[in-house]
Amino acid sequence: MRRYLSASSSIPWNVQSRGLSIGASSAHGLFSSTARHGLLFSAREPSQIESIHRRPPEVIFSGRANVGKSSLINACLGRSSKNSLVKSSKTPGKTRSLDFFHVGYEPVRLVLVDSPGFGFRGKEEWGQLFDAYISTRQELRRIYLLINGSHGVKPTDRTMLEMLGQKQQASAGSGFTIQAVITKIDGMFGDKSSERLQKLRQDIFEAAPTCLPPILTSTKLKIGIDELRRSMTEAAGI
């Protein structure tokens, strides 16, 4: 992907996000048991993606380094820091491959893909791997772009949103959809939080008008996890 980076009518923008709902039942029971989930395989280069057997619908998570991606995926899969499935680290670059996780037992109905972080500490080969995946993977249903709510939409986030929006439009609606996920919203609470949230939504919409309304999340406060689970099952047609 050109800028991954190594230096790396309208959508309803409601002020009150559905992602703030807490305690909703897990989507169709798919995420109900931590024992149901596990790593299927990893791909470190584009040629390995081609060798992966065709499987159920897939969704992929992407975001800048240290956006909270690993913690959010673990939360969606019902894992805590003590029994995490996706390893997290405060040091950027922990994820160096596309990691495919099955959600639920056989027959698997959903596969969740974790991707390397992009941004200043991103590597060109990681971008090429991500680009190869989203450009060729027929199973891909939705791309979740994670954005740190405390930081807002950074230039690298905007570049990614614009690129994904262009690819989506080029597919004429026959490929994947895009949805932004705002992480660490607990860091947004305080003065002018509504204004900051509105600006986030506006920046996302301007960069990628076809992006679905963002889901607000906080793994610390367990906000938005069930909403994100429902989004994944909806994207997979479950």
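See the structure shown above.
The present account deals with the structure reproduced in this document. Predicted model only: the values in this text are computed from it and were never measured.

**Quick look at the pairing of strand E3 (residues 98-103)**
Move 1: The buried count for E3 comes to six of six residues, which makes it a mostly enclosed element.
Move 2: Residues Leu98, Phe100 and His102 line one face of E3 and the alternating positions Asp99, Phe101 and Val103 line the opposite face, and both faces are buried.
Move 3: Relative to strand E4 (residues 110-114), E3 is paired through five bridges, and the arrangement is antiparallel. Across the sheet, the residue bridging to Asp99 is Asp114, located in E4.

**Concerning the pattern of salt bridges**
Move 1: Summed over the entire model, instances satisfying the criterion amount to ten salt bridges.
Move 2: The shortest N-O distance in the salt bridge between Lys199 and Asp203 comes to 2.8 Å. Taken as a pair, Lys199 and Asp203 lie in helix H5 (residues 193-207) at a separation of four residues, close to a single helical turn.
Move 3: Lys199 gets classed as exposed once you look at its relative accessible area, which sits at 52%.
Move 4: Residue Asp203 is classed as buried on the basis of its relative accessible area of 11%.
Move 5: Here Arg229 ties to Asp226 by a salt bridge, and the two come within 3.1 Å at their closest N and O atoms.

**Notes on helix H4 (residues 155-170)**
Move 1: Compared with the 22 Å implied by 1.5 Å per residue over 16 residues, the 23 Å span of H4 between its first and last C-alpha is a close match.
Move 2: Every buried residue of H4 is listed here: Thr156, Asp157, Thr159, Met160, Leu161, Met163, Leu164, Gly165 and Gln168.
Move 3: Looking one or two residues beyond H4, the residue adopting positive phi is Ala172, at roughly 55°.

**A look at the nonpolar core**
Move 1: Grouped together as the largest cluster of nonpolar side chains are 37 residues, with contacts concentrated most on Leu98, Tyr133 and Ile134.
Move 2: When residues of this core are traced back to their parent elements, those giving at least two are E3, E4, helix H3 (124-136), strand E5 (140-148), H4, strand E6 (177-183) and H5.
Move 3: Apart from residues no more than four positions distant in its own chain, Leu98 is found in contact with Phe41, Ser42, Ala43, Ile49, Ile60, Val113, Asp114, Ser115, Pro116, Leu129 and Tyr133.

**Some details on the sheet that holds E3**
Picture the strands of a sheet paired through backbone hydrogen bonds; they go either parallel or antiparallel.
Move 1: Sheet architecture is open: seven strands sit in the order E1-E3-E4-E2-E5-E6-E7, paired in mixed fashion. Strands at the two margins of the open sheet, each flanked by one partner only, are strand E1 (38-43) and strand E7 (212-216). Strand-to-strand twist in this sheet, taken as the mean axis angle between neighbours without regard to direction, amounts to 25°.
Move 2: Pairing between E1 and E3: five bridges, direction antiparallel. By the bridge assignment, Gly38 is partnered in E3 with His102.
Move 3: Contacts from helix H2 (residues 69-76) reach strand E2 (58-63), E4, E5 and E6, with the element oriented near 150° to E2.
Move 4: The strands that helix H6 (residues 225-236) touches are E2, E4, E5, E6 and E7; relative to E5, the one it contacts most, it runs at about 155°.

How each quantity is defined
Residues numbered from 1 in each chain as written. Predicted model: local features only at pLDDT ≥ 70, side-chain atom pairs only at ≥ 80, totals over all residues. Heavy atoms only, no water. Buried < 20%, exposed > 50% of the residue type's maximum accessible area, 1.4 Å probe, protein only. Helix = DSSP H or I, 4+ residues; strand = E, 2+ residues; numbered from the N terminus. Pairing = 2+ DSSP bridges. Salt bridge = Lys/Arg side-chain N within 4 Å of Asp/Glu carboxyl O. Expected span 1.5 Å × (residues − 1). Core = buried A, V, L, I, M, F, W, Y, C linked by side-chain atoms within 4.5 Å. Contact = heavy atoms within 4.5 Å. Axes fitted to C-alpha atoms, helices over the stretch in contact; angles between N-to-C directions.

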